[in-house]
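Structural characterization, general
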Amino acid sequence: MINLVPSWAHNYDAFWDAIKKRNLWFIKLRYGAVVLLSLFLISSDFMLGVKFTNQQVFALTAINLSILLYNISFHIYRRKLKTIPGQFNPLHFSLLQMILDLCALYLLVYFTGTIESPLYMLFIFHVIIGSLILPGSVIYLLSVLIIAAFSSLVILEYSGIIIHHTLTGFLVYPIYFDLNYCIAFCVIFAFSIIVSVLLANKIAHQLYRMEQELVESLKKINEAERDKQKYIISVIHEIKSPLAAVHSYLEIVLDKIIGPLNEKVEEKLRRAKLRSVEAFGLIDNILKISKLRLLDDIKKEDVKIDEVIGSLVEKFNDSIKNKNIKIDIIDSRESRKILKADKFLIQMIFSNIIGNAIKYIGEEGKIIITLNDNDKMLEINVSDNGIGIPDSDKEKIFEDFYRASNIKSLGYEGAGLGLSAVKQIVNRHNGKIEVESPSDIGTEKKPGSSFKIILPY
Ligand code: ADP
């Protein structure tokens, strides 16, 4: 099997994708060409005043039907074609299509007047497409064959060795026996073909190279990001151990094992302990996010979303009761398909969203969780009537460390990392997350927020 793959395109997925797409494009275009040729055959008499001979009608119809037949076969065969180097691959398939098209075009040009036929232009169109797909040597060889075959036809018709099929009614007088015209035509035809191939081939080569360089750069950026995350994880682990030591010393002192404490010192130490707990929370969040960014694959397990949400609400039960919050779960799902997702990560999404709703509701309030779905996706809405999110902050709250402007003076604890992790998890599942504030259960004083998460089934 001849090797048509340029050396730079081995193992280059984008190259093969482009070739496959172009093969399909060829096939679709050919259906269009068959329709156009049929219209040309039917309407050229009254539109252009062209009178075909019986032989021409028979030949053109037969060529058109052959094109349709081989195109249908190509259309069916295309799906079975695999990209295995050394075997018949999409590039051989392109070459085969081109060769058959060129043969069909050669016959069409011959039966419509060769040098007088306007269809000769389609040769140029073919070599441009060929240049975008095939290696230079193959397309140059094809171009030379096209020029030689076309010129031979012109010479054979001029010298009367084969008959000339004129398009009666198209030209005022035939031109195929004008030697000067024939020579000038063939030279310009050859020149146009060679220049088109030269330019198209060069541009295609450059484009592929640039695309490949872009893919390589993207790979390097991803690798650098992974190294950065690994570095963060190791640094954070290093920070965790001295912090744990400080925390346990504080506990020992606060438990008064070493001795009594005066009130002022005790109060300051309790605050220090609280801050160390906060720091642990922050460390955990950073670790979770870094690990998430390192994960290449997410699991695809069966996730029962009602159970996940039910158990999270139970987990938050103490805070819900302490803050006197009313929480409703409205399950309006219809298709109730099983969600295929990473259960741990889905729990992380709703733990953050429900946890935030409870945190930012203040004392007393209402949370409504609704579940909806259709055949393709699951939609979960978590609405609260808490402090709400100012318009100017809505987009930014999904960024690392971002906290909305309205909470700063209110003393809510947090690091601004939860929603950034949520957004990453949702993206990893090809889902979407949107926020609205005020929510539909908000009031003027407590506008509330509503988070909508869409996950594909
Ligand atoms: P954190 O809660 O730790 O600050 P998050 O990333 O979870 O970080 O949230 C980012 C910001 O989005 C919060 O600081 C808060 O300003 C805002 N926010 C998130 N959820 C709500 C909510 N339910 N109501 C009001 N504000 C919210």
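Just above sits the structure.
Residues numbered from 1 in each chain as written. Predicted model: local features only at pLDDT ≥ 70, side-chain atom pairs only at ≥ 80, totals over all residues. Heavy atoms only, no water.

**Remarks on the site of the ligand**
The full set close to the ligand counts 21 residues, and N356, Y360, R403, A404 and L419 are the nearest of them. In this structure, an oxygen atom belonging to the ligand sits 3.2 Å away from a main-chain N or O atom of G416. Take L419: an N or O atom from its main chain is 2.8 Å from an oxygen atom of the ligand. Contact with the protein chains hides 97% of the accessible area of the ligand, taken as 530 Å² for the molecule alone. Mapped onto the shell around the ligand, the elements with two or more residues apiece are α10 (343-359) and α11 (418-428). (Near = heavy atom within 4 Å. Polar contact = N/O pair within 3.5 Å; in protein donor to acceptor, adjacent residues only side chain to side chain. Areas by Shrake-Rupley, 256 points an atom, 1.4 Å probe, with all protein chains shown as cover. Helix = DSSP H or I, 4+ residues; strand = E, 2+ residues; numbered from the N terminus.)

**Focus: the sheet that holds strand β2 (residues 325-331)**
With mixed pairing, five strands are arranged side by side in an open sheet as β2-β4-β5-β7-β6. Single-partner strands in this sheet number two, and they are β2 and β6 (432-436). Averaged over neighbouring strand pairs, the angle between their axes works out to 10 degrees when direction is ignored. Relative to strand β7 (residues 450-456), strand β5 (residues 377-384) runs antiparallel, the two being bridged by seven bridges. Note that in β7 the partner of N381 across the bridge is K452. On top of the sheet, helix α8 (residues 305-315) reaches β2, β4 (365-373) and β5; it is set at about 170 degrees to β4, its chief contact. α11 contacts β6 and β7 of the sheet and is inclined by roughly 140 degrees relative to β6. (Pairing = 2+ DSSP bridges. Axes fitted to C-alpha atoms, helices over the stretch in contact; angles between N-to-C directions. Contact = heavy atoms within 4.5 Å.)

**A short note on the packing of aromatic side chains**
A full pass over the atoms with the stated rule returns 15 aromatic pairs. An angle of 65 degrees between the planes, with centres 4.8 Å apart, marks the rings of Y120 and F185 as edge-to-face. Separated by 65 residues along the polypeptide, Y120 in the loop between α3 (90-111) and α4 (121-133) and F185 in helix α6 (residues 179-254) bring together distant segments of the chain. Counting every residue linked through ring pairs, the aromatic cluster contains Y120, F123, F150, Y181, F185 and F189. We note K315 situated over the ring of F316; from NZ or CZ to the ring centre the distance is 5.0 Å. Geometry around F398 places K423 over its ring, the cationic atom sitting 5.2 Å from the centre. (Phe/Tyr/Trp six-rings, centres within 6.5 Å; stacked < 30°, edge-to-face > 60°. Lys NZ or Arg CZ within 6 Å of the ring centre and 35° of its normal.)

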